[in-house]
Amino acid sequence: MKNHLLMPKFLTYFFPKKFGGITISKNTALYRDIKNLQNEKIKIHEEIHMEQYEKYTWLGFIALYTFYSIRYGYWNNPLEIEAREKTEKTLNTMESYNC
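Quantities reported herein were computed from a predicted structural model and do not represent experimental measurements.

**Student:** Pulling in residues and values, what's your account of a nonpolar patch on the surface?
**Tutor:** A cluster of nonpolar side chains, contributed by Phe10, Tyr13 and Phe14, occupies part of the molecular surface with about 450 Å² of accessible area. In this fold, phenylalanine 10 is placed in the loop between β1 (3–6) and β2 (21–23). Looking at phenylalanine 10, the relative accessible area reads 54%, which means it is exposed.

Here you go:
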């Protein structure tokens with residue numbers, strides 16, 4: 001079961017305002033506020049990260065994500081690129097079924 005939860009308010013002070021959510025395990029993502037929690041695009045993106053946690057294990061994902069972020073920056077982090085691309089593909093698929 002996937003858990004999509006609101007982040008405790010005090011944690012929001014540690015993240016930039018543009019930050020919508022963070023995945024903390026293969027089953028749990030935390031969101032800055034209710035608007036982000038209800039945003040389907042953000043939820044799909046975080047679920048891709050959940051899949052990455054499952055693929056690489058918790059420690060493996062954290063190590064790889066940190067390494068990539070230092071080396072390439074957030075936007076060019078390969079794990080973020082994968083999550084963005086898969087999110088767009090999923091949304092496009094959902095749209096084609098809703099036509």
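And the narrative resumes.
**Student:** Which residues make up the packing of aromatic side chains, and what values go with them?
**Tutor:** Counted according to the given criterion, the structure contains five aromatic pairs. Seen from their ring centres, phenylalanine 15 and phenylalanine 19 are 4.2 Å apart, and the 10° between their planes marks the pair as stacked.

**Student:** Before we move on, can you summarise the pairing of strand β3 (residues 28–31) with the specific residues and values?
**Tutor:** The alternating pattern of β3 places Thr28 and Leu30 on one face and Ala29 and Tyr31 on the opposite face, and all of these are buried. Bridge count for β1 against β3 is four bridges, and the pairing is parallel. Looking at the pairing, leucine 5 lines up with leucine 30 of β3. Sheet topology places β2 next to β3; three bridges connect them, and they run antiparallel. From the neighbouring strand, threonine 23 faces β3, where its bridge partner is alanine 29. Remark: four residues form the turn of the hairpin made by β2 and β3, two consecutive strands paired antiparallel.

**Student:** If you had to explain the sheet that holds β2 to someone new, which residues and values would you point to?
**Tutor:** Spatially, β1-β3-β2 is the arrangement adopted by the three strands of the open sheet, whose pairing is mixed. Every interior strand has two partners, whereas the edge strands, β1 and β2, have only one. Strand-to-strand, the axes of this sheet are offset by a mean angle of 20°, without reference to chain direction.

Calculation criteria
Residues numbered from 1 in each chain as written. Predicted model: local features only at pLDDT ≥ 70, side-chain atom pairs only at ≥ 80, totals over all residues. Heavy atoms only, no water. Patch = residues over 30% accessible without salt bridge, like charges linked within 9 Å, V, L, I, M, F, W, Y side chains within 5 Å. Areas by Shrake-Rupley, 256 points an atom, 1.4 Å probe, with all protein chains shown as cover. Salt bridge = Lys/Arg side-chain N within 4 Å of Asp/Glu carboxyl O. Helix = DSSP H or I, 4+ residues; strand = E, 2+ residues; numbered from the N terminus. Buried < 20%, exposed > 50% of the residue type's maximum accessible area, 1.4 Å probe, protein only. Phe/Tyr/Trp six-rings, centres within 6.5 Å; stacked < 30°, edge-to-face > 60°. Pairing = 2+ DSSP bridges. Axes fitted to C-alpha atoms, helices over the stretch in contact; angles between N-to-C directions.

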